[in-house]
Amino acid sequence: MRHLLTGFEFTQDEYLDILDTAAAMKKDPKKYAHVLEGKSGAIMFEKPSLRTRTTFELAFYRLGGHGVYLDLQNGELGKRETIGDYSRNLCRWVDSLVGRVFSQRTLEELAQYGSVPVINALSDMYHPAQAMADYLTVREHLGKLQGVKLCYMGDGNNVTNSLLVAGAILGVNVDCCVPEGCGPDVQVFAKASEIAKEHGCQLRVFNDPKAVRADVLYTDTWVSMGDNTPLDSVKKKYMPYQINDALVASSGAQIVMHCLPAHRNYEITDEVMDGNKSVVFDEAENRLHIHMSVLSKLIKA
Ligand code: CP
Ligand code: NVA
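These figures come from a predicted structure and were not determined experimentally. (Residues numbered from 1 in each chain as written. Chains lettered and ligands numbered in written order. Predicted model: local features only at pLDDT ≥ 70, side-chain atom pairs only at ≥ 80, totals over all residues. Heavy atoms only, no water.)

Draft legend 1. Representation of the packing of helix α5 (residues 128-142) against helix α11 (residues 280-298) in the model. It is at 8 Å that the axes of α5 and α11 come closest, and there the two elements cross at 115°. Seen along the crossing, α5 lies across α11 with a hand that is right-handed. Contacts from A129, Q130, M132, A133, D134, L136, T137, E140 and H141 in α5 reach D282, E283, N286, R287, I290, H291 and V294 in α11. (Axes fitted to C-alpha atoms, helices over the stretch in contact; angles between N-to-C directions. Helix = DSSP H or I, 4+ residues; strand = E, 2+ residues; numbered from the N terminus. Left-handed = near helix turned anticlockwise from the far one by under 90°. Contact = heavy atoms within 4.5 Å.)

Draft legend 2. The arrangement of the pairing of strand β6 (residues 173-177) in detail. For β6, the tally of buried residues reaches 5 of 5 residues, placing the bulk of the element in the interior. The two faces of β6 match: N173, D175 and C177 on one face and V174 and C176 on the other face are all buried. Here strand β5 (residues 149-153) runs beside β6; their pairing, made up of 5 bridges, is parallel. Within the sheet, the bridge partner assigned to C151 lies in β6 and is D175. The handedness of the β5 to β6 crossover, carried by helix α6 (residues 158-170), is right-handed. Looking at chain direction, β6 and strand β7 (residues 203-206) are connected through 4 bridges and run parallel. Within β7, the position partnered with C177 by the bridge is F206. Between the parallel elements β6 and β7, the chain passes through helix α7 (residues 186-198) in a crossover that is right-handed. (Buried < 20%, exposed > 50% of the residue type's maximum accessible area, 1.4 Å probe, protein only. Pairing = 2+ DSSP bridges. Right-handed = clockwise from strand over helix to strand, strands pointing away.)

Everything listed here is a matter of geometry and, on its own, says nothing about what the molecule does.
Pasting the structure below:
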């Protein structure tokens, strides 16, 4: 049994297989309409979601299975009963657990006590299926992944960590241009850098936006869910890292990405988000195809 908890679990060949299957499913979804017939999943969200919730539910539906959405109306996971008991109950009924959680530890406990695949739908540390959908989008637009350079701008967070992990495995050069002290997780960066070496690519973190040269520019919110810092209070620190027309021009970027939701005119300007280099809604669409692919690989027939 395989889980998708961090994104480190899969080899390059397995990543490429997930991307290729997603591309095939996107082209001819009807062909896969019975792949998960009779199969189900619990889709658990401790935090808000538009894209991830919708696309996981639809992914089950399109594959002939069923996703049960649990919005945690009974409170935070682990409060009404232990996470272990929660997991052991669900595993008597469903074939997979999809979770968006405050703490990565919650997903690990679900996996530890459960008997079905656990899929990370965003935690404090990672957003692995997002990164898979993002690299599918890059490949669609640039025709390749190996040797491509992606530069992530802004706050080093869960999305940054996952772009580093998946990028290293897929042979993508990933730069992170972030304010001093706002980089990605140090341990994730070190582990991903070792993998990058094996795949002939490089990961870097630096602070100077003038040094950004990339095929792909990527950004995300400056304040992630679960952090109550007011966005305006960090504006001064992050504004130099905003993706705007000037940065798109000086970087040489061919496409601009954002996992969404966007805070327009904070981390990305209206002009760029609505401009002809923006592929943000392609990324959003590809979440569906990647989730279909991941579910089909992890849930056993
Ligand atoms: N990108 C993403 O995960 O969006 P949601 O928070 O709306 O699911
Ligand atoms: N870093 C963001 C991603 C949202 C999809 C957050 O965790 O809120």
